[in-house]
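Per-entry structural report
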Amino acid sequence: MSGPDLAIVGAGPAGLSAAIAARRHGLDVVVIEREGEAGGIPRHCAHPPFGLREFGRVMTGPAYARRLAAAAREAGAEIRTGTTVVAIEPGPRLVLASDAGAGELAPRRVLLATGVRETTRAARLIGGSKPAGVMNTGTLQGLVHLEGRRPFLRPLIVGTELVAFSAILTCRHAGIVPRAMVEAGEAVTARWPAALLPRLLGIPIWRGTALVAIEGERQVNAAVLQGADGRRRRVATDGIVLTGGFRPEATLVRTSHLALDKATGGPEIDQFGRTSDPAIFAAGNVLRPVETAGWCFREGRRMAGFVAASLADALPDPEPSLRLVAADGYAWVLPQRIVGGEGSREGALQLRVTRPLAGRPVVATEPAVRGAPFASRPERRLSFPLAALPAAATGTATIAVEPDEALR
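What counts, and at which threshold
- Residues numbered from 1 in each chain as written.
- Predicted model: local features only at pLDDT ≥ 70, side-chain atom pairs only at ≥ 80, totals over all residues.
- Heavy atoms only, no water.
- Helix = DSSP H or I, 4+ residues; strand = E, 2+ residues; numbered from the N terminus.
- Rg over C-alpha atoms; globule rule 2.2 N^0.38 Å.
- Buried < 20%, exposed > 50% of the residue type's maximum accessible area, 1.4 Å probe, protein only.
- Contact = heavy atoms within 4.5 Å.
- Lys, Arg positive; Asp, Glu negative; His and termini not counted.
- Charge placed at Lys NZ, Arg CZ, Asp CG, Glu CD.
- Pairing = 2+ DSSP bridges.
- Phe/Tyr/Trp six-rings, centres within 6.5 Å; stacked < 30°, edge-to-face > 60°.
- Axes fitted to C-alpha atoms, helices over the stretch in contact; angles between N-to-C directions.
- Polar contact = N/O pair within 3.5 Å; in protein donor to acceptor, adjacent residues only side chain to side chain.
- Core = buried A, V, L, I, M, F, W, Y, C linked by side-chain atoms within 4.5 Å.
- Salt bridge = Lys/Arg side-chain N within 4 Å of Asp/Glu carboxyl O.

1. Quick word on the overall build of the protein chain
- Secondary structure summary: the protein chain contains nine helices and 28 strands in total.
- Against the 2.2 N^0.38 benchmark of 22 Å for 408 residues, the protein chain shows a C-alpha radius of gyration of 22 Å, consistent with a compact globule.
- Along the three orthogonal principal directions, the C-alpha set of the protein chain runs to about 60 × 60 × 40 Å.
- Here the protein chain, with 408 residues, has 54% of them falling under the buried criterion.
- Pairs at least 24 apart in sequence give 61% of the contacts found in the protein chain among residues at least 6 apart.
- Distance between charge centroids for the protein chain: 7 Å, based on 49 positive and 38 negative side chains.

Set out below in structure tokens:
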């Protein structure tokens, strides 16, 4: 039952960067990946830009993934592909399954880096029949880049998060010309200049439009769309790409003893990445939907330093803590627990809003603390410096949006 210093669950950018950094701290590291190849989501994204901050050059996703995996192996990390963690138990102890059979691993620390997944059609409550040709971005990328297939010719791309523009590039690679992008909101979700890409390629963006039903027998032949005025129209198409709507891949957390944060859908953590079990850490998009590969890389590297500090008994006690709750207007706040102690106020809270919103963040501690004014749409990155929080604050505090007249 003796195991490594650190077992990392997931071999995407967060997990692999954590492995590299943990080896530099002198830790014995095992990375466990259920897929047959390490690298995570970038393996499916055969387009730039990846790797500029990490490796000083612009790379495609597969090249970036290979570089990360090679760097982790060169650093001395063991990567076990084709191996699934089926349960996390106190100890910590991991229950494993692979082609070789069942097994267990008892590392001193665990880092969860299992990433995210896109919301399914069923979860989006889209009606109609169930023909072939309906898929999320990850499936599209796998079919095109890994299997060399072209599943349709004139699909609708549903959503305008950043990943939707990745879907456009994947379509272009395969000679697929999207009929249009469909966005239920009144504005494109991704930041400018992402919306320039479909314009340059002659792909219209239908804003204020929702997909309500899909038609077809063996293959999609039409979509039923509804405008903001409630009117419906039928549009001919041979495919549907459902993009975004990300959710953390937190099945292991849901079936474990770890606390799950309902707002993010991922594990609850403190500012050092510790979950409710201080021997188990988390990094990357398992924590929230959703950040870039580069962000996850840097977060994994930072969390590896906290793991090393934990093994050296150099982190503050996990309790008492200040528990933060996002009030109306915010989708979530991360981390959810803030502990005291030396070095405990470095970094920042991460926030997302549920709708276009302007104001100031205010944390209801004693005394209340206000942040800088902001104007933001959903899925845009917001932050609040931990250094602004009272050092001795404990208990529970809401973080709300205070209207700012200057932003009206």
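2. Details of unusual backbone geometry
- Of the consecutive residues Leu-334 and Pro-335, the connecting peptide bond is found in the cis state with omega at -5 degrees.
- Locating Pro-335 in the fold gives a position in the loop between strand S21 (330-334) and strand S22 (337-339).
- Cis geometry is found at the peptide bond from Glu-366 to Pro-367, where omega equals 0 degrees.
- Relative to the helices and strands, Pro-367 is located in the loop between strand S24 (357-363) and strand S25 (369-370).

3. Quick look at the pairing of strand S28 (residues 395-402)
- Taken together, the five bridges between strand S20 (residues 321-326) and S28 define a ladder with parallel strand orientation. Each residue of the ladder has a partner; that of Val-325, found in S28, is Thr-398.
- Alignment of S24 against S28, held across four bridges, turns out to be antiparallel. Within the sheet, the bridge partner assigned to Pro-361 lies in S28 and is Val-401.

4. Some details on the packing of aromatic side chains
- Scanning the entire structure with this criterion turns up five aromatic pairs.
- Each ring, one from Phe-55 and one from Phe-297, has its centre 6.4 Å from the other, and the planes form 70 degrees; the classification is edge-to-face. Placement of Phe-55 in helix H2 (residues 52-55) and of Phe-297 in helix H9 (residues 293-311) is noted, with a sequence separation of 242 residues between them.
- Accessibility expressed as a relative area gives 9% for Phe-297, which makes it buried.
- For the pair Tyr-330 and Phe-374, a centre-to-centre distance of 6.4 Å together with 40 degrees between the ring planes defines the contact as tilted. With a gap of 44 residues between them, Tyr-330 in strand S21 and Phe-374 in strand S26 (residues 374-376) connect regions that are remote in the sequence.

5. With respect to the sheet that holds strand S19 (residues 280-282)
- Ordered by their spatial adjacency, five strands build an open sheet running S3-S2-S1-S7-S19, and the pairing between neighbours is parallel. Either end of the sheet is taken by a strand with one partner, and the two such strands are strand S3 (78-80) and S19. For this sheet, the mean inter-axis angle between neighbouring strands, taken without regard to orientation, is 20 degrees.
- For strand S7 (residues 109-112) and S19, the ladder comprises three bridges, and the chain directions are parallel. Looking at S19, one finds that Leu-111 is bridged to Phe-281.

6. Focus: the pairing of S7
- Both faces of S7 are covered, namely the face carrying Arg-109 and Leu-111 and the face carrying Val-110 and Leu-112.
- Taken together, the four bridges between strand S1 (residues 6-9) and S7 define a ladder with parallel strand orientation. Of the residues in S7, the one forming a bridge with Leu-6 is Arg-109.

7. What to know about helix H5 (residues 137-146)
- Most of H5 is tucked away: seven of the 10 residues are buried.
- Listing the buried residues of H5 in full gives Thr-137, Leu-140, Gln-141, Gly-142, Leu-143, Val-144 and His-145.
- The N-cap of H5, judged by a side-chain oxygen 3.2 Å from the amide nitrogen of Gly-138 a few residues on, is Asn-136.
- Count one or two residues on from H5 and you reach Gly-148, which has phi positive near 65 degrees.

8. A short note on the sheet that holds strand S4 (residues 83-89)
- One open sheet holds the three strands; their spatial order is S4-S5-S6, and the pairing between them is antiparallel. Two strands close off the open sheet at either side, each with one partner strand: S4 and strand S6 (101-105). Within the sheet, the average angular offset between the axes of one strand and its neighbour, ignoring direction, is 25 degrees.
- The pairing of S4 with strand S5 (residues 93-98) spans six bridges and is classified as antiparallel. From the neighbouring strand, Ile-88 faces S5, where its bridge partner is Leu-94.

9. Some points on the nonpolar core
- Counting residues in hydrophobic clusters, the biggest one holds 40 residues, and the most contacted among them are Ile-8, Val-29 and Leu-111.
- Those elements that provide at least two residues to this core are S1, helix H1 (13-24), strand S2 (29-32), helix H3 (61-75) and H9.
- Among the elements that take part in this core, H9 stands out by supplying 10 residues, more than any other.
- For Leu-111, the contacting residues outside a window of four places in its chain are Leu-6, Ala-7, Ile-8, Val-9, Ala-18, Phe-281, Ala-282, Ala-283 and Met-303.

10. Overview of the environment of Ala-21
- Looking at the element boundaries, Ala-21 is found in helix H1.
- For the pair formed by Ala-21 and Pro-49, sequence separation is 28 residues and the distance between their alpha carbons is 23 Å.
- Residues within four places of Ala-21 in sequence aside, it is in contact with Arg-301 and Ala-304.

11. A word on the pattern of salt bridges
- Counted under the stated rule, the structure contains 20 salt bridges.
- Here Glu-78 makes a salt bridge to Arg-80, at a shortest N to O gap of 2.9 Å.
- Residue Glu-78 is classed as partly exposed on the basis of its relative accessible area of 38%.
- Looking at Arg-80, the relative accessible area reads 28%, which means it is partly exposed.
- Salt-bridge contacts for Glu-147 lead to Arg-149; the nearest nitrogen and oxygen are separated by 3.3 Å.
- Judged by relative accessible area, Arg-149 falls into the partly exposed class, the value being 48%.
- Among the charged side chains, a salt-bridge network with shared partners connects Glu-268, Glu-319, Arg-323 and Arg-337.

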